[in-house]
Amino acid sequence: MSSLSSVDPQIAELVKAEERRQADTVKLIASENYVSKAVLEATGTVLTNKYSEGYAGKRYYEGQQVIDQIETLAIDRAKSLFGVNHANVQPYSGSPANLAVYMAFLNPGDTVMGMGLPFGGHLTHGWSVSATGKWFNPVRYGVRKDTGRVDMDEVREIALRERPKLIFCGGTAIPRTIDFPAFAEIAREVGAVLAADIAHIAGLVAGGAHPSPVGHADVISTTTHKTLRGPRGAMLMATSDEHATALNKAVFPGLQGGPHNHTTAAIAVALKEASTDEFKAYARQVVLNAQALAEELKGRGFDLVSGGTDNHLILFDLTPKGIGGKPAAQALDRAGLETNYNTVPFDTRKPFDPSGIRIGTAGVTSRGMGVAEMRQIGAWIDQVVTALAKGEDEAEHVIGRVHAEVLELTSQFPAPGL
Ligand code: DSN
């Protein structure tokens, strides 16, 4: 970063500080990962200088000789990796991608059905504070209180009653396998478009560690930076060509201007990386690690939503431990264990001070950590949380000790790209 250091040493120092922080921390945020050096390099290229409104072969600016090739490569790699006929790699991120799905299929006021935010859905699946909940008519499904899992009979009942035009499955805090065929059957029965939001599990789907929505969902929306381990970006895909034009038009000119070409190139690189056997092994290990960590936490008396996990994500309720999710997440962060506080289904507390914590294993698995390290991390989480429940003084001592041990562990597992 020699140019950055001389032009803007302040920003250069802050970037270095963030790099150090990421290296020294056990990243357990379920939606984050570490991209490869190749992905980082692609994002920092001259492609950022170019405007390319439109699509390959039909742009509104000249000079697309190279950009067209890059975007076509990204599209072809997405189609081949996920086994779809159509891919659009231009959405800036997950929320704009989902908004494009509304733009393609709905008119303002139409009914959309999605998982409620407190149950693990996403804001853009029709939650009240989102434009999607204000401009459309949202109806919601959740999970059963006794199982912590989606009840497909209940989903069907709501769909038959409310007749949504669009149904979202998937979300941000779902530790269990999404039953795409069952959602597809319900969508067909009520004549709705089914959108599978696989943002969290895209890498697992690509690596064969979670069933694919291809052949079931009409549209598949995903970010590219979570388990898929690409740059911050998103894609919209469709099994068939039927909806290709509507989706493309919704992204541009419906919602966006010029695509971020440097991101498109980095998405292409990430998709190439995700098509390797090494990535398949990574995806399997992400799940094995999450299951080992879940078992460790369960054995230590943690209340896991749905009792465990089928994917990369674990959600637990700290109510039985006698503290809230926020103070626990803050204490864990001071110990070098980075998580986020999260609502749990039927939470009686507010989203900014909820009962739960959400963790995931995509980042730690990218560093090469395995089951033994997951057990250690589970023990640390328990030690910090238990100490915090006893009071701040007790906690400070334990946090200091755990932090020193975390630094020792992270030094043995260098993160990709750093
Ligand atoms: N912010 C993402 C997550 O953490 O799951 C969803 O948008």
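Residues numbered from 1 in each chain as written. Predicted model: local features only at pLDDT ≥ 70, side-chain atom pairs only at ≥ 80, totals over all residues. Heavy atoms only, no water.

### Thoughts on the sheet that holds strand 9 (residues 219–223)
Counted only if it meets this: If DSSP finds at least two bridges between two strands, the strands pair. Only DSSP runs of H or I reaching four residues or more are called helices, and only runs of E reaching two or more are called strands; each is numbered from the N terminus. Helix axes use the C-alpha atoms of the stretch in contact, all axes being lines fitted to C-alpha atoms, and the angles between their N-to-C directions lie in the range 0 to 180 degrees.
The seven strands lie next to each other as 4-10-9-8-7-5-6, forming an open sheet whose pairing is mixed. Each edge of the open sheet carries a strand with a single partner, namely strand 4 (86–88) and strand 6 (137–141). Neighbour-to-neighbour, the strand axes of the sheet open up by a mean angle of 20°, direction not taken into account. Here strand 7 (residues 166–170) pairs with strand 8 (residues 193–197) via five bridges, running parallel.

### Quick look at the site of the ligand
Formally: Residues are classed as near a molecule or strand on a simple rule: at least one heavy atom within 4 Å of it. Under this definition, polar contacts are N or O atom pairs within 3.5 Å; protein pairs additionally need one hydrogen-donor-capable and one acceptor-capable atom, and for neighbouring residues in sequence, both atoms have to be side-chain atoms. Residue burial considers only the protein chains on display, and all accessible areas are found by Shrake-Rupley using a 1.4 Å probe. Each residue is assigned to one class: nonpolar for Ala, Val, Leu, Ile, Met, Phe, Trp, Tyr, Cys and Pro, charged for Asp, Glu, Lys and Arg, and polar for all the others, Gly among them.
Taken together, Ser31, His122, Thr172, His200, Lys226 and Arg358 form the complete shell of residues around the ligand. Within the side chain of His122, an N or O atom sits 2.8 Å from an oxygen atom of the ligand. Within the side chain of His200, a nitrogen or oxygen atom sits 2.7 Å from an oxygen atom of the ligand. For the ligand, whose unbound accessible area comes to 230 Å², protein coverage reaches 63%. When grouped by side-chain class, the residues that make up the shell around the ligand number no nonpolar, four polar and two charged.

### Some words on the nonpolar core
Rules: What is meant by a nonpolar core is a set of buried Ala, Val, Leu, Ile, Met, Phe, Trp, Tyr and Cys residues, joined one to another through side-chain atoms within 4.5 Å. A simple rule labels every residue: compare its accessible area, found with a 1.4 Å probe on the protein chains alone, to the largest value its type can have, and call it buried under 20%, exposed over 50%, or partly exposed in between. A contact between two residues is defined here by any heavy atoms of the two lying within 4.5 Å.
Core analysis: the largest hydrophobic core is formed by 53 residues, its most contacted members being Phe82, Ile167, Phe183, Ile198, Leu228 and Met235. Considering each element in turn, this core owes the most residues, seven residues, to helix 8 (residues 180–190). Leaving out residues up to four positions away in the same chain, Met235 has contacts with Ala78, Phe82, Asn88, Val89, Pro91, Ile220, Ser221, Thr222, Thr224, Leu228, Ile267 and Leu271. Leu297, Ile314, Met374 and Leu388 belong to the second-largest nonpolar core, a separate cluster that totals 37 residues.

### Looking at the pattern of salt bridges
Rules: Here, a salt bridge means any side-chain nitrogen of Lys or Arg that lies within 4 Å of a carboxyl oxygen of Asp or Glu.
Tallying each qualifying case throughout the model produces 21 salt bridges. Glu18 is the salt-bridge partner of Arg21, the closest N and O atoms lying 2.8 Å from each other. Residue Arg21 and its partner Glu18 are located together in helix 2 (residues 9–24), separated by three residues, close to a single helical turn. Looking at Arg21, the relative accessible area reads 31%, which means it is partly exposed. Here Glu396 and Arg334 are joined by a salt bridge, their closest N and O atoms 2.8 Å apart. Note that Glu396 is positioned in helix 16 (residues 392–412) and Arg334 in helix 13 (residues 325–334), a separation of 62 residues in sequence. Taking the relative accessible area as the measure of exposure, Glu396 reaches 39% and is therefore partly exposed. The partly exposed category is assigned to Arg334, whose relative accessible area is 37%. One network of salt bridges, with partners in common, ties together Glu296, Arg300, Lys321, Arg375 and Asp382.

### Focus on the packing of helix 13 against helix 15 (residues 371–390)
The following threshold applies: In what follows, roughly perpendicular refers to angles from 65 to 115 degrees, roughly parallel to angles under 35, roughly antiparallel to angles over 145, and oblique to any angle outside these ranges. Crossings are assigned a handedness: left-handed for a near helix turned anticlockwise from the far helix by less than a right angle, right-handed for a clockwise turn.
Following both chains from N to C, one finds helix 13 and helix 15 inclined at 125°, their axes separated by 10 Å at the closest point. The orientation of helix 13 relative to helix 15 falls into the category oblique. Viewed along their axes, helix 13 and helix 15 form a crossing whose handedness is right-handed. Contact residues: helix 13 offers Pro327, Ala328, Ala331 and Leu332, while helix 15 offers Ile381, Val384, Val385 and Leu388.

### Quick notes on the packing of aromatic side chains
Applicable threshold: For this analysis, a ring pair means two rings from Phe, Tyr or Trp (six-membered ring only for Trp) whose centres lie within 6.5 Å, classed as stacked if their planes differ by under 30 degrees, edge-to-face if by over 60, and tilted for the remaining angles. For a Lys NZ or an Arg CZ to count as sitting over a ring, it must be within 6 Å of the ring centre and within 35 degrees of the ring normal.
Inspection of the entire model under this criterion finds nine aromatic pairs. Relative to Phe136, the ring of Tyr102 lies with its centre 4.6 Å away and its plane at 40°, an arrangement referred to as tilted. Of the two residues, Tyr102 sits in helix 5 (residues 94–105) while Phe136 sits in the loop between helix 6 (131–134) and strand 6, which places them 34 residues apart along the sequence. Looking at Tyr102, the relative accessible area reads 1%, which means it is buried. Relative to Phe346, the ring of Phe119 has its centre 5.1 Å away and its plane inclined at 80°; by these criteria the two rings are edge-to-face. Taken together, the residues span a long stretch of sequence, with Phe119 in the loop between strand 5 (111–115) and helix 6 and Phe346 in the loop between strand 14 (340–342) and strand 15 (356–360) at a distance of 227 residues. Three or more aromatic residues joined by ring pairs form one cluster here, namely Tyr102, Phe136 and Phe168. The lysine or arginine in question, Lys27, covers the ring of Tyr34, its NZ or CZ lying 4.9 Å from the ring centre.

### A few points about the sheet that holds strand 12 (residues 313–317)
With respect to topology, four strands assemble into an open sheet ordered 11-12-15-14, the strand pairing being antiparallel. Each edge of the sheet is formed by a strand with only one pairing partner; in this case those strands are strand 11 (303–304) and strand 14. Taken together, the three bridges between strand 14 and strand 15 define a ladder with antiparallel strand orientation. In the strand pairing of strand 15, Asn342 is matched with Gly356. Where helix 12 (residues 277–299) meets the sheet, it contacts strand 11, strand 12 and strand 15, and its direction lies at approximately 15° from that of strand 12.

### Notes on unusual backbone geometry
Cis geometry is adopted by the peptide bond preceding Pro253, which originates at Phe252 and carries an omega value of 10°. Inspection of the secondary structure puts Pro253 in helix 10 (residues 244–255). Phi is positive for Arg163, which is not a glycine, with a value near 50°. Along the chain, the position of Arg163 falls in the loop between helix 7 (152–162) and strand 7. Backbone geometry at Ser306 places phi at a positive 70°, although glycine is not the residue there. Residue position: Ser306 is located in the loop between strand 11 and strand 12.

### Focus: a nonpolar patch on the surface
Rule in force here: Note on patches: the residues involved have over 30% relative accessible area and no salt bridge, like charges join within 9 Å, and the nonpolar side chains Val, Leu, Ile, Met, Phe, Trp and Tyr join within 5 Å.
The grouping of Met1, Ile11, Leu14 and Val15 at the surface amounts to a nonpolar patch, some 360 Å² of accessible area in total. With respect to the secondary-structure elements, Ile11 resides in helix 2. On the basis of relative accessible area, Ile11 is assigned to the partly exposed category, the value being 41%.

### Re the environment of Pro91
Tracing the chain through its elements places Pro91 in the loop between strand 4 and helix 5. Residues Pro91 and Lys145, 54 residues apart in the sequence, show an inter-C-alpha distance of 35 Å. Each residue touching Pro91, except ones within four places of it in the same chain, is listed here: Ala97, Gly233, Ala234, Met235, Leu236, Val251 and Gln256.

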